[in-house]
Amino acid sequence: MGLKLVQVIRRTSQVFAVRALIAHGGGIRSCWLGLIMTLVGTVVVQGAESPQPLLQITSESAAQVIRPTAKQPVRFTLNIPDEPVWSHLNIGQCTVREVTKQRNLPVRITSPKQNTVDYTFEESGFGLVAVCYGPSDGVQRSDTWRHVTQCTKRIVRIVGEARKGESTPKDPGVTAKVGQRFEIVPMISPAVLRPGDDLPIRVFVDYEKAISASVVAYAPDGSKHETTTDSVGAANIPIKRPGLWLIRHERVVDRVRIVAELVFEVEGTTQAEENRP
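In this text the structure is predicted, and so the values were computed from the model without any measurement. (Residues numbered from 1 in each chain as written. Predicted model: local features only at pLDDT ≥ 70, side-chain atom pairs only at ≥ 80, totals over all residues. Heavy atoms only, no water.)

Novice: Please clarify how the pairing of strand S7 (residues 150–158) should be interpreted in this entry.
Specialist: A regular strand carries its side chains on alternate faces of the sheet. Across the 9 residues that make up S7, a large majority, 9, are buried. Covered by surrounding structure in S7 are Gln150, Thr152, Arg154, Val156 and Ile158 together with Cys151, Lys153, Ile155 and Arg157, the residues of both alternating faces. Bridge count for strand S6 (residues 125–135) against S7 is 9 bridges, and the pairing is antiparallel. Looking at S7, one finds that Val129 is bridged to Arg154. (Buried < 20%, exposed > 50% of the residue type's maximum accessible area, 1.4 Å probe, protein only. Helix = DSSP H or I, 4+ residues; strand = E, 2+ residues; numbered from the N terminus. Pairing = 2+ DSSP bridges.)

Novice: What's the story with the pattern of salt bridges in this structure? I'm lost.
Specialist: When charged atoms on two side chains of opposite charge get close, those side chains can pair. Taken as a whole and judged by the stated rule, the model has 12 salt bridges. Close ionic contact of Arg157 with Glu267 constitutes a salt bridge, the shortest N to O distance being 2.8 Å. Of the two residues, Arg157 sits in strand S7 while Glu267 sits in the loop between strand S15 (256–266) and helix H3 (271–274), which places them 110 residues apart along the sequence. Residue class for Glu267 comes out partly exposed when judged on its relative accessible area of 22%. Residue Arg257 pairs with Glu250 through a salt bridge whose shortest N-O separation is 2.9 Å. Assessed through its relative accessible area of 39%, Arg257 is described here as partly exposed. Residue classification places Glu250 among the partly exposed positions, given a relative accessible area of 33%. Shared partners join several salt bridges into a network, and the residues in it are Arg67, Arg157, Glu265 and Glu267. (Salt bridge = Lys/Arg side-chain N within 4 Å of Asp/Glu carboxyl O.)

Novice: What exactly am I supposed to notice about the state of the cysteines here?
Specialist: Should the sulfur atoms of two cysteines be covalently bonded, the bond is a disulfide. The final tally for this structure, using the stated rule, is 1 disulfide. Each sulfur of the disulfide joining Cys132 and Cys151 lies 2.3 Å from the other. Measuring handedness by torsion sign, the sulfur bridge of Cys132 and Cys151 sits at about 120° and is right-handed. Within this pair, whereas Cys132 is found in strand S6, its partner Cys151 is found in strand S7, the two being separated by 19 residues in sequence. The structure places no disulfide on Cys94, whose sulfur is separated from the nearest cysteine sulfur, that of Cys132, by 10.0 Å. (Disulfide = S-S within 2.5 Å.)

Novice: Explain the packing of aromatic side chains here, please?
Specialist: The relation between two aromatic rings is expressed through the spacing of the ring centres and the mutual angle of the planes. Enumeration according to the criterion identifies 3 aromatic pairs in this entry. Centre to centre, the rings of Phe76 and Phe121 are 6.5 Å apart; their planes meet at 65°, and the pair counts as edge-to-face. Placement of the pair is Phe76 in strand S2 (residues 73–78) and Phe121 in the loop between strand S5 (116–120) and S6, with a sequence separation of 45 residues. You'll find Phe76 and Phe121 in the same group, each marked buried. Centre to centre, the rings of Tyr119 and Phe121 are 5.1 Å apart; their planes meet at 80°, and the pair counts as edge-to-face. Comparing Tyr119 with Phe121, the two get one shared label, buried. Of the aromatic side chains, those joined through ring pairs into one cluster are Phe76, Tyr119 and Phe121. (Phe/Tyr/Trp six-rings, centres within 6.5 Å; stacked < 30°, edge-to-face > 60°.)

Novice: Sorry, what's going on with the environment of Pro53 here?
Specialist: Relative to the helices and strands, Pro53 resides in the loop between helix H2 (28–48) and strand S1 (55–58). A relative accessible area of 7% means that Pro53 is categorised as buried. Setting aside its immediate chain neighbours within four residues, Pro53 contacts Asn79, Arg154, Leu244, Leu246, Glu261 and Val263. (Contact = heavy atoms within 4.5 Å.)

Novice: Please explain unusual backbone geometry as it appears in this structure.
Specialist: Outside of glycine, negative phi angles account for most residues, and trans bonds account for most peptide bonds. In the Ramachandran plot, Lys71 falls in the positive-phi region, its phi being about 75° despite a non-glycine side chain. In this structure, Lys71 sits in the loop between S1 and S2. By relative accessible area, which is 61% here, Lys71 ends up exposed. One non-glycine residue, Asp206, lies in the positive phi region at around 55°.

This is the structure we're talking about:
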């Protein structure tokens, strides 16, 4: 459902609410009816406006992948309606971290219509994919990384055989910065999060702490939690549900929309349930 349709639904519900008040003389019953109609419109808007991650991970058959499998190729696709192909963008960063290594992927454009970059995770555990991009007018510059406008990080659990002697998969230092111009850094690994926990984060804009920055966390069910960073650029995100979470900071600088994004999955059981004998 597009934003225009969402706005129509919202306006329609409000119109019906006003008409109900007029038709029934503004009594208590009509007030309740108007309130219900307005709430219905609001609920629809909240669910419909939940964004999709800027970076999609898919299989070779184009199916969405939440947990990649080690030794099996996947594709990274940018979720950009207006600029769907990599060759139309300034790619300032495309980095993959695994448990034992970090690679800066050269984005080799082999076709004007290329919209994917292929990659194969080599070992099980956790991985991190970091991508920054911006308008194509920055491609010819020597400092393309300075001209990106949107940065995303996606933390993934990589399925496969556990490394010998390890009972739990390790993560590749996802709490460390990856050097994005706009970056959301988790202060604890999302790998250990369970429903009921809080995730502390820090937000950076132009590599500096972002003070009093608005942050929106979108839960797997489409609900959202809004908060603001403190004097060191930190904020707490309550993790209430299992599934894929998306955290964003957005602002407009010199009439340009910039985005910092963090995407990760939360397991379904609580820590207390896991510790039961």
